[in-house]
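Working through the structure, step by step
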Amino acid sequence: MSNEVLDVEQFQQEGAALLERVARLEVKTQEDAQQASDLRGSVKSYEKKVKAHFEPHKERAAAVHKGLCTDEKKHLAPAIQVIALLDQKLLAWKRAEDAKLAELRRQAAAAARKTAEDQAIAMAAALDKPGRQAEAQAVIEAPVQAPVIRIEQAKVAGLSFRENYEATVLDQAAFVKAAAERSLHNLLEPNATALRQFANSPKGAIQVDGLLIERRDIPMGSRRA
């Protein structure tokens, strides 16, 4: 059996023993606390031993992974560049098509409205006879109902565009005020790291409305470990 397997089996045995010891331990007295602190030191020593064992393996694996990532990046670079260029060209084409389509729709709508207006005028003229002037006037005054002209976008097989929007905060104070007023609280998620640094910097001496700062002691372990 290799030393590698022996080390791993030893770690499993030591870890199980530590778990069994801490499961039986009750911390009610100063002596119990001392035992817990000493046991914590033993666990820290166990952690260091396990990490030291796996560190060289992790370094070798990291080196292999880094090399693979470098090779992958090198071979992917042409594809990434080509896709970026194609996307630019396709987006430019789509903008031009959108502008062309908008103009065609505008022209078609104007032509349809003109045709509807001419038909209404012709109908009114046909009704402009003695006894039917009221009908003719009603035709003239009625809103023109132009037909809806549908012109579809040109389609390319296998190609589609997804609408995507980006948001940029231009005025932090105005944005926070507006988001709070509109109950957009999810847009105001605080930065946990920044809050922790703020709370620790003055040791809780600075109070801010809406912010709770609590002291939480963290065990640091026995010096004798």
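An account of the accompanying structure is given in this report. Because the structure is predicted, anything quoted here is derived from the model rather than measured.

Looking now at the layout of surface pockets. Size it by volume and the largest pocket reaches roughly 560 Å³. Every residue lining the largest pocket is counted, 15 residues in all, and those nearest its centre are Ala199, Asn200, Glu214, Arg215 and Arg216. Partitioning the lining of the largest pocket into residue classes produces seven nonpolar, two polar and six charged. Counted as a void, the second largest pocket has a volume near 270 Å³. The wall of the second largest pocket is formed by Leu91, Trp93, Lys94, Gln153, Ala154, Lys155, Val156, Leu159, Ser160, Phe161, Arg162 and Glu163. In the lining of the second largest pocket, the residues fall into six nonpolar, two polar and four charged.

Counting five residues, the largest nonpolar core consists of Phe11, Leu18, Leu39, Tyr46 and Val50. Those elements that provide at least two residues to this core are helix 1 (3-24) and helix 2 (30-127). In terms of residues, this core owes the most to one element, helix 2, which gives three residues.

In the structure shown here, the tally under the stated rule is two aromatic pairs. Seen in terms of ring centroids, Phe11 and Tyr46 are 6.4 Å apart; in terms of plane orientation they differ by 85 degrees. Their pairing is edge-to-face. One end of the pair, Phe11, is in helix 1; the other, Tyr46, is in helix 2, with 35 residues separating them in the sequence. By the burial criterion, Phe11 is buried, and Tyr46 matches it. Ring centres 6.4 Å apart and planes at 40 degrees place the aromatic pair Phe11 and Phe54 in the tilted group. Note that Phe11 is positioned in helix 1 and Phe54 in helix 2, a separation of 43 residues in sequence. On the accessibility criterion, Phe11 (9% relative accessible area) is buried. The exposure class assigned to Phe54 is partly exposed, which follows from its relative accessible area of 34%.

Cut-offs applied
Residues numbered from 1 in each chain as written. Predicted model: local features only at pLDDT ≥ 70, side-chain atom pairs only at ≥ 80, totals over all residues. Heavy atoms only, no water. 1 Å grid on protein atoms, 1.4 Å probe; cavity = no way out; pocket = protein on both sides within 12 Å on 5 of 7 lines; lining within 4 Å. Points joined across faces, edges and corners; volume = space filled by probe spheres on them. Nonpolar A, V, L, I, M, F, W, Y, C, P; charged D, E, K, R; others polar. Core = buried A, V, L, I, M, F, W, Y, C linked by side-chain atoms within 4.5 Å. Buried < 20%, exposed > 50% of the residue type's maximum accessible area, 1.4 Å probe, protein only. Helix = DSSP H or I, 4+ residues; strand = E, 2+ residues; numbered from the N terminus. Phe/Tyr/Trp six-rings, centres within 6.5 Å; stacked < 30°, edge-to-face > 60°.

These figures capture arrangement, not role.
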